Amino acid sequence: MTHTGCPLSNGLPTHRENPLDPPEILGRLRSEQPIAPMVFPDGHEGWVVTDYALARELLVDSRLSSKGSLKHLAFPSDRAMDFDFEKDLPPGQFEHMDPPEHTRYRKLLTSDFTLRRMRRLVPRIEEIAADRVAAMRRKGPPADLVHDFAFPMSSEVICELLGIPVESRESFEADSSKLLNLDTAPEEVLGALHNITGLLGKVAAQKSSDPGDDLLTKLVTSGEVDEAELIGMSLLLLVAGHETTANMLSLGIYTLLREPDQLARLRADESLLEGAVEELLRLLTIVHIGVQRSPTEDMEIRGVPVKAGQTVLIHLPSTNRDPERFPDPDRLDVTRRAVGHLTFSHGIHQCLGQQLARLELRVGYATLLREFPDLRLAVPAEEVPMRENMTVYGVHELPVAW
Amino acid sequence: MQIQTDPEICVGAGMCALTAPDMFDQSEEDGTVVLLRDDLPYEGAENDVREAVERCPSGALRLAD
């Protein structure tokens, strides 16, 4: 299908001119058309929003629905035509629901992800990070920061929180990676989904007879959700809980290693770390597939008529580069006040695990910088393979030496 | 400045407790917003409260001047 005059006629571009910046065309659109037409790869005629203020308005507007059945894969992929949220995913995926269904599921989890609860995990997160550093030292230098540090660390944290045996890590990581990979054939996607939900079903069944001090046990014994819902909720928590943090850990380190001045400032003053985490979250916005909303009624957005059911993609990476909100937005500045970024989205669907993510990132970066004063890339920066073909951005691997 | 909280629409993101910990907390029971006090106990508290309101994703935190 060709749509002349529409700059985005096949969804979002995957290729980036600069690996740490969103595709240039989206930045150009922001100044010309803060809400611009976009044809999704399945042919759906929708919209893309790149303006920070507009994105915030839309993300809190209750006239816009988050229902999975209204969403479309935004990157070109063989599975764009096939994937059916209602049919292919188990129930309980509350990020694809509106109130009151969304409210019911989220309320079951909020007390387990409060800032105070997450802070209690810090000593254990520090132990896990230290174990990974020890493993890196046994292996190298060099070592791969992605598979020797970032993934094992974030998987172990979420496994302990949920109550999933850490021995299943390699199996669910491989399946999760297939789910996120745009090149995975549609039938393989369903196979990977089947494997992970099978694993989660088995774990959940064991919790009734062998309860632990973990979130899955709490959900099983609450009587509030049935088995299928429980599997769906755990699927969301497990995939969101390890993929995002792991990629943010390794992409953050890659970014700092490419910016030696900023890295030196951070090493010289550890009190900058909390702000630096926010700045890296803003700059890198790894959910580069954005989030989608669809109006339940015809409406006008910045003077543009948008019909009910037309999907609006909020391109989070571009909104975080809006110069109206973040001056000199393409520059990494570890001293910047980056709060207010939309990396965890905004509105009622804002990331439930964000306080855990912040703490894991702070512990992970602090541990690596402290333990490896001479941390450096073991290959030229241009040779590091970027995750352009994955729905969560990052680096596929990151060879480092020290 | 009057601080208004609405635990009914709160989604427990924790942004208020992160931004202005002397002013806000989250309930142990369901993670929703708890206002700890209605005065401004230190210099800069007003700024922190305004920032917490800006960062609150659900609109559960509001200011009435």
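Here the structure is a predicted model, which means the values were calculated and not measured.

**Some details on the overall build of chain B**
Within chain B, the secondary structure is distributed over two helices and four strands. Rg of the C-alpha trace for chain B: 11 Å, near the compact-globule value of 11 Å for 65 residues, within the 12% margin. Across its three principal axes, chain B shows a C-alpha extent of roughly 30 × 20 × 15 Å. Within the span of chain B, comprising 65 residues, buried residues form 38% of the whole. Here the contacts in chain B between residues at least 6 apart in sequence split such that 58% fall between residues at least 24 apart.

**Here we look at the overall build of chain A**
Scanning chain A from terminus to terminus reveals 15 helices and ten strands. Its C-alpha atoms give chain A a radius of gyration of 21 Å, near enough to 21 Å, the size a compact globule of 402 residues would have. Its C-alpha atoms give chain A principal-axis dimensions of about 60 × 55 × 40 Å. Intrachain contacts of chain A at a sequence separation of at least 6 include 72% that bridge at least 24 residues.

**Thoughts on the sheet that holds strand 2 (residues 45-49) of chain A**
Residues and elements named next belong to chain A. Here we have five strands laid out as an open sheet, ordered 1-2-8-5-3, and mixed in their pairing. In the strand order of this sheet, the two ends are held by strand 1 (35-39) and strand 3 (64-65), each with one partner. Bridge analysis of strand 5 (residues 291-295) against strand 8 (residues 312-314) gives three bridges, and the strand direction is antiparallel. For V291, the partnering residue across the bridge sits in strand 8 and is I314. Against the sheet, helix 2 (residues 52-59) engages strand 1, strand 2, strand 3, strand 5 and strand 8, with an angle of about 120° to strand 8.

**Regarding unusual backbone geometry**
All names here are of chain A. Here the amide bond leading from P99 into P100 is cis, since omega sits at 5°, within 30 degrees of zero. With respect to the secondary-structure elements, P100 resides in the loop between helix 3 (85-88) and helix 4 (101-109). Residue P141 is joined to P142 through a cis peptide bond whose omega torsion reads 0°. Along the chain, P142 turns up in the loop between helix 6 (122-139) and strand 4 (143-144).

**Some thoughts on the interface of chain B and chain A**
Opposite the 18 residues of chain B that make contact, chain A presents 17 residues. Here the side of chain B that touches chain A takes three residues from helix 2 (residues 45-55) of chain B, the largest share from any one element. Split by residue class, the side of chain B that touches chain A holds five nonpolar, seven polar and six charged.

**Overview of the nonpolar core**
In terms of nonpolar packing, the biggest core is built from 121 residues, with W47, L162 and I314 of chain A together with C16 of chain B touching the most fellow members. Ranked by residues supplied to this core, first place goes to helix 11 (residues 227-258) of chain A with 14 residues. The residues contacting C16 of chain B, other than those within four sequence positions of it, are F24, V33, A52, C56 and L61 of chain B.

**So, the sheet that holds strand 4 of chain A**
Residue and element names in this part refer to chain A. If you trace the three strands from one edge of the open sheet to the other, you get 4-10-9, paired in antiparallel fashion. The strands lining the two open edges of the sheet, one partner per strand, are strand 4 and strand 9 (376-377). The sheet contact formed by strand 4 and strand 10 (residues 399-401) spans two bridges and is antiparallel. Bridge assignment links D144 to a residue of strand 10, and that residue is P399.

**A look at helix 15 (residues 354-371) of chain A**
Along an α-helix, residues three or four apart share an orientation, since each turn contains 3.6 residues. Over its 18 residues, helix 15 of chain A runs 25 Å from end to end, which matches the ideal 26 Å to within 8%, given 1.5 Å per residue. Along helix 15 of chain A, the positions that sit buried rather than exposed are Q354, Q355, L356, A357, R358, L359, E360, L361, V363, G364, Y365 and L368 of chain A. Summarising the contacts, the buried residues of helix 15 of chain A are in contact with helix 5 (115-120), helix 6, helix 7 (145-162), helix 11 and helix 13 (273-284) of chain A together with helix 1 (15-19) of chain B.

**Points about the environment of R258 of chain A**
Here R258 of chain A lies in helix 11. C-alpha of R258 of chain A to C-alpha of L377 of chain A: the two residues are 119 residues apart in sequence and 8.8 Å apart in space.

**Some thoughts on the pairing of strand 1 of chain A**
Residues and elements named next belong to chain A. Sheet analysis places strand 1 next to strand 2, joined by five bridges and oriented antiparallel. Its bridge partner lying in strand 2, P37 is registered against W47. Linking strand 1 to strand 2, which pair antiparallel, is a turn of five residues; within it G43 sits at a positive phi near 100°.

**Re the confidence of the model for chain B**
Averaged over every residue, the pLDDT of chain B is 94; the share at 70 or more is 100%. Predicted complex metrics record ipTM = 0.95 and pTM = 0.96.

**Comments concerning the environment of G309 of chain A**
Residues and elements named next belong to chain A. Mapped onto the fold, G309 is located in the loop between strand 7 (304-306) and strand 8. The sequence separation of G309 and R293 amounts to 16 residues, and the corresponding C-alpha distance is 9.0 Å. Filtering out sequence-adjacent residues up to four positions away, G309 remains in contact with L70 and S294.

**Overview of the packing of helix 8 (residues 169-180) of chain A against helix 9 (residues 186-209) of chain A**
Residues and elements named next belong to chain A. Packing of helix 8 against helix 9 leaves a shortest axis separation of 9 Å and a crossing angle of 145°. Read as a crossing pair, helix 8 and helix 9 show a hand that is left-handed. On helix 9, the residues that touch S171, F172, D175, S176, K178 and L179 of helix 8 are E188, V189, A192, L193, N195, I196 and L199. When grouped by side-chain class, the residues that make up the contact of helix 8 with helix 9 number seven nonpolar, three polar and three charged.

**With respect to the environment of K67 of chain A**
Residues and elements named next belong to chain A. Within the secondary structure, K67 is located in the loop between strand 3 and helix 3. Linking K67 and H102, residues 35 residues apart in sequence, is a C-alpha distance of 9.8 Å. Dropping the residues within four chain positions of it, K67 is found in contact with H96, M97 and D98.

The rules we used
- Residues numbered from 1 in each chain as written.
- Chains lettered and ligands numbered in written order.
- Predicted model: local features only at pLDDT ≥ 70, side-chain atom pairs only at ≥ 80, totals over all residues.
- Helix = DSSP H or I, 4+ residues; strand = E, 2+ residues; numbered from the N terminus.
- Rg over C-alpha atoms; globule rule 2.2 N^0.38 Å.
- Buried ≥ 20, exposed ≤ 12 C-beta atoms within 10 Å, placed from the backbone.
- Contact = placed C-beta atoms within 7 Å.
- Pairing = 2+ DSSP bridges.
- Axes fitted to C-alpha atoms, helices over the stretch in contact; angles between N-to-C directions.
- Nonpolar A, V, L, I, M, F, W, Y, C, P; charged D, E, K, R; others polar.
- Core = buried A, V, L, I, M, F, W, Y, C linked by C-beta atoms within 7 Å.
- Expected span 1.5 Å × (residues − 1).
- pLDDT = per-residue confidence, 0-100.
- Left-handed = near helix turned anticlockwise from the far one by under 90°.

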